[in-house]
Amino acid sequence: MKAVADFLAAHDPSTTDPAEFLRARYDAGLAWVSYPVGRGGLGLSRSLQPEVDRLFAEAGAPGNRSEVNGIGLGMAAPTILRYGTAAQLDRYLRPLWTGEEIWCQLFSEPGAGSDLAAVATRAVRDGDDWVVNGQKVWTSGAHNARMAILVARTDGDVPKHRGLTYFLCDMTDPGVDVRPLRQITGEAEFNEVFLTDVRIPDSQRLGAIGQGWEVANATLNNERVAIGGRAARREDGMIGVVAQTWRDRPELRTSELHGELLRLWVDAEVARVTGVRLGQKLASGQPGPEGAAMKLSFARINQKLSGLELEILGAEGLRYSDWTMVRPERVDFFGRDAGYRYLRAKGNSIEGGTSEILRNIVAERVLGLPPEHRVDKDIPWKDVPR
Ligand SMILES: Cc1cc2nc3c(=O)[nH]c(=O)nc-3n(C[C@H](O)[C@H](O)[C@H](O)COP(=O)(O)OP(=O)(O)OC[C@H]3O[C@@H](n4cnc5c(N)ncnc54)[C@H](O)[C@@H]3O)c2cc1C
């Protein structure tokens, strides 16, 4: 691409300060090429992004910490782009893309996970600010985050979906208390976050008061695509790991394992090709509920494959190299051993919406089946028993 070549000619990656290089790349519209001019993009097709990223990587360009900022890049940015004011786009998108500001997602609560609309964290207006009190849970990467996307209740007198508002929360506010939660893998990727009198200026409200459910759904659709809808090469990801083990270790093979590997290879390939089709759909607009189906099949296949990897490795697969409690910057899924992958993949059918909930979404919004019975849909939130 000529724009990339011109940019690289003017900004030599080997001599330019990495942060300056990334800011300049954003300003040149070569960050997210599908975003509008002035917002990190050139208004081009999203399908050009992999090629642009490849050219920058080959030239030795600095990375933007995408492995740490999945929530920022995959979920916060598209939501801010869609619902943000001009001032919000100016303030947040550039440091988000350059990796100078890492984001986390303050959605789930002890009483609101699958039923996200039941959020009880309150935001009360006080002059130009909102004062936020409540508890969030399972907040991935909150210990690294400078900013958060937050859903809070601003009106308890209307039914639950209508009383929510979406905010951009500064994690350095003194009222934000982040505490680690240790997982089955031994590490603490996620956290409990206690919010006590956190002040959020009204200028950091994303969307209208009471529009939080709609804005949150835009984020969740992007999340499912980010988790499950990556455009991948054949044998990318977990299927590649298992196929490689199979090729490298003929002494571990049995005909039963062979049958299972072939079945999962076909499943992984079908998922990959479906992902390509979803990518084409995305190129022409916002992700719809179809992202739910991709995330659903990703979780199933990843869990089956990580189980198969253990089966193939036999006793060797039971080895677990490191169970010390660490607070990692990122999920190093492929850098760790098979035991880690097996345990970490268990979370795939919970994070980003459980598989049961995703099946409901596919049933209702893709297949058009009758909706689940919802008894609290029309009752004011404050009157719903908790
Ligand atoms: C690794 C990991 C990272 C995460 N990171 C974040 C994060 O960064 N930010 C964040 O906000 N959240 C995060 N989460 C939380 C995640 O979104 C929730 O755990 C998830 O939405 C489920 O909510 P819950 O845990 O409250 O379970 P519940 O909603 O209590 O569900 C319990 C069980 O009941 C089932 N169930 C519930 N309702 C229905 C229904 N209507 N029909 C059928 N079955 C139903 C569920 O499928 C599940 O099996 C993370 C979770 C994990 C595992």
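Residues numbered from 1 in each chain as written. Predicted model: local features only at pLDDT ≥ 70, side-chain atom pairs only at ≥ 80, totals over all residues. Heavy atoms only, no water.

**Quick word on the pairing of strand β7 (residues 190-201)**
To keep it simple, the criterion reads: Note on pairing: DSSP must find at least two bridges between two strands before they are called paired. Each helix is a run of DSSP H or I of at least 4 residues and each strand a run of E of at least 2, with the numbering of both proceeding from the N terminus.
Pairing analysis gives 8 bridges linking strand β3 (residues 129-137) to β7, with the strands arranged antiparallel. Across the sheet, the residue bridging to Asp129 is Pro201, located in β7. Pairing of strand β6 (residues 176-181) with β7 involves 6 bridges; the strand directions are antiparallel. Opposite Arg179, over in β7, you have Glu192 as the bridge partner.

**Points about the nonpolar core**
Here is the rule we go by: The term nonpolar core refers to a set of buried residues drawn from Ala, Val, Leu, Ile, Met, Phe, Trp, Tyr and Cys, joined through side-chain atoms within 4.5 Å. The buried label applies to any residue whose accessible area, calculated with a 1.4 Å probe on protein chains only, is under 20% of its type's maximum; exposed applies above 50%, and partly exposed to all values in between. Those domain boundaries reflect an automatic or database domain assignment. Any two residues whose heavy atoms approach within 4.5 Å are treated as being in contact.
Counting 35 residues, the largest nonpolar core has Trp32, Ile80, Trp103, Phe107, Ile149, Tyr166 and Leu168 as the members making the most contacts within it. For this core, the secondary-structure elements that each account for two or more residues are α2 (18-27), α4 (70-83), α5 (86-98), β4 (147-153), β5 (164-170) and α6 (212-228). Per element, the largest residue contribution to this core is 7 residues, and it comes from α4. When residues of this core are assigned to domains, at least three map to each of domain 1 (8-63) and domain 2 (216-366). In contact with Tyr166, other than residues within four places in its own chain, are Thr79, Phe107, Ile149, Leu150, Val151, Gln204, Arg205, Leu206, Gly212, Val215, Ala216 and Thr219. Residues Met238, Val241, Ile312 and Leu313 belong to the second largest nonpolar core, which totals 21 residues.

**Some remarks on the site of the ligand**
The condition is simple: Only a single heavy atom is needed: when it lies within 4 Å of a molecule or strand, its residue is near that molecule or strand. For the purposes of these results, a polar contact is taken to be a pair of N or O atoms within 3.5 Å, where, inside protein, one atom must be able to donate a hydrogen and its partner to accept one; residues adjacent in sequence count only when each atom of the pair is a side-chain atom. Only the protein chains shown count as cover for residues, with accessible areas throughout obtained via the Shrake-Rupley method and a probe of 1.4 Å. For this classification, Asp, Glu, Lys and Arg are treated as charged, while Ala, Val, Leu, Ile, Met, Phe, Trp, Tyr, Cys and Pro are nonpolar and the rest, including Gly, are polar.
What surrounds the ligand is a group of 18 residues, the closest being Ser114, Trp138, Ser140, Thr354 and Glu356. One of the backbone nitrogen or oxygen atoms of Ser108 is found 2.7 Å away from an oxygen atom of the ligand. Within the contact set of the ligand, a nitrogen atom lies 2.9 Å away from a backbone nitrogen or oxygen of Trp138. When isolated, the ligand has an accessible area of 980 Å², and the protein chains bury 68% of it. A per-element tally of the shell around the ligand places helix α11 (residues 355-366) first, with 3 residues. When its residues are assigned to classes, the shell around the ligand shows 6 nonpolar, 8 polar and 4 charged.

**Focus on the domain arrangement of the protein chain**
Taken domain by domain, the protein chain holds domain 1 (8-63) and domain 2 (216-366). Domain 1 and domain 2 are separated by 29 Å when their C-alpha centres are compared.

**A look at helix α3 (residues 49-58)**
Given 3.6 residues per turn, any residue in an α-helix points the same way as the ones three and four places further on. Applicable threshold: Here the arc refers to the set of directions running from the helix axis out to each C-beta atom.
Buried within α3 we find Gln49, Val52, Leu55 and Phe56. Around the axis of α3, the buried residues are gathered within 130 degrees of arc, so they sit on the same side. The exposed residues of α3 that point more than 90 degrees off its buried face are Pro50, Ala57 and Glu58. Summarising the contacts, the buried residues of α3 are in contact with α1 (2-10) and α2. In the stretch just after α3, Gly60 is the one whose phi turns positive, near 80 degrees.

**Here's the deal with the UniProt feature "domain: Acyl-CoA dehydrogenase/oxidase N-terminal" (unreviewed entry) in the protein chain**
The line we're drawing: UniProt positions are given in the numbering used here, feature names are shortened, and annotations may be inferred rather than shown by experiment.
Here, the residues flagged by UniProt with the feature "domain: Acyl-CoA dehydrogenase/oxidase N-terminal" (unreviewed entry) are residues 4-100. Split by type, residues 4-100 is 56% helix and 0% strand. Its first and last C-alpha atoms lie 22 Å apart.

**A few points about a nonpolar patch on the surface**
Using the following cut-off: In this analysis, a patch consists of residues with relative accessible area above 30% that form no salt bridge, clustered at 9 Å for like charges and at 5 Å for the nonpolar side chains Val, Leu, Ile, Met, Phe, Trp and Tyr. The working definition used for a salt bridge is a side-chain nitrogen of Lys or Arg within 4 Å of a carboxyl oxygen of Asp or Glu.
Nonpolar side chains collect at one region of the surface, where Met1, Leu44 and Leu48 lie side by side and expose about 210 Å² of accessible area between them. Tracing the backbone shows Leu44 in the loop between α2 and α3. Here Leu44 falls in the partly exposed class, since its relative accessible area comes to 32%.

**Let's talk about the layout of surface pockets**
Empty space among the atoms can be located by rolling a probe the size of a water molecule over them. Selection rule: Cavity: a set of points on a 1 Å grid over the protein atoms alone where a 1.4 Å probe fits but cannot get out. Pocket: an open set with protein on both sides within 12 Å along at least five of seven lines, its lining residues, like those of a cavity, having an atom within 4 Å of a point. Grid points are joined across faces, edges and corners, and a volume is the space filled by probe spheres set on the points.
Considering only enclosed or pocket space, the second largest pocket measures out at about 170 Å³ in volume. Along the walls of the second largest pocket sit Thr274, Arg277, Leu278, Lys281, Glu290, Ala293, Met294, Val362 and Val366, which together make up its complete lining. Put simply, the parts of the chain that give the lining of the second largest pocket at least two residues each are α8 (255-283), α9 (290-313) and α11. With 4 residues, the single largest contributor to the lining of the second largest pocket is α8.

**Some words on the packing of α9 against α11**
Formally: Angles shown run from 0 to 180 degrees and are taken between the N-to-C directions of axes, each axis being a line fitted to C-alpha atoms and, for helices, limited to the stretch in contact. Crossings are assigned a handedness: left-handed for a near helix turned anticlockwise from the far helix by less than a right angle, right-handed for a clockwise turn.
It is at 9 Å that the axes of α9 and α11 come closest, and there the two elements cross at 145 degrees. When you trace α9 past α11, the crossing you get is left-handed. Together, Glu290, Ala292, Ala293, Lys295, Leu296 and Ala299 of α9 and Ser355, Leu358, Arg359, Ile361, Val362 and Val366 of α11 make up the contact between the two elements. Looking at the contact of α9 with α11, its residues break down into 8 nonpolar, 1 polar and 3 charged.

**Structural notes on the packing of aromatic side chains**
Convention followed: Only Phe, Tyr and Trp rings take part, Trp by its six-membered ring, and two of them pair if their centres are within 6.5 Å. Stacked means planes under 30 degrees apart, edge-to-face means over 60, and tilted covers everything else.
Scanning all chains against the criterion turns up 10 aromatic pairs. When the centroid spacing of 5.7 Å and the interplanar angle of 80 degrees are considered together, the rings of Tyr92 and Trp103 count as edge-to-face. Of this pair, Tyr92 sits in helix α5 while Trp103 sits in strand β1 (residues 103-106), and the two are 11 residues apart along the sequence. Tyr92 sits in the buried class, given a relative accessible area of 5%. We classify Trp103 as buried; its relative accessible area is 2%.

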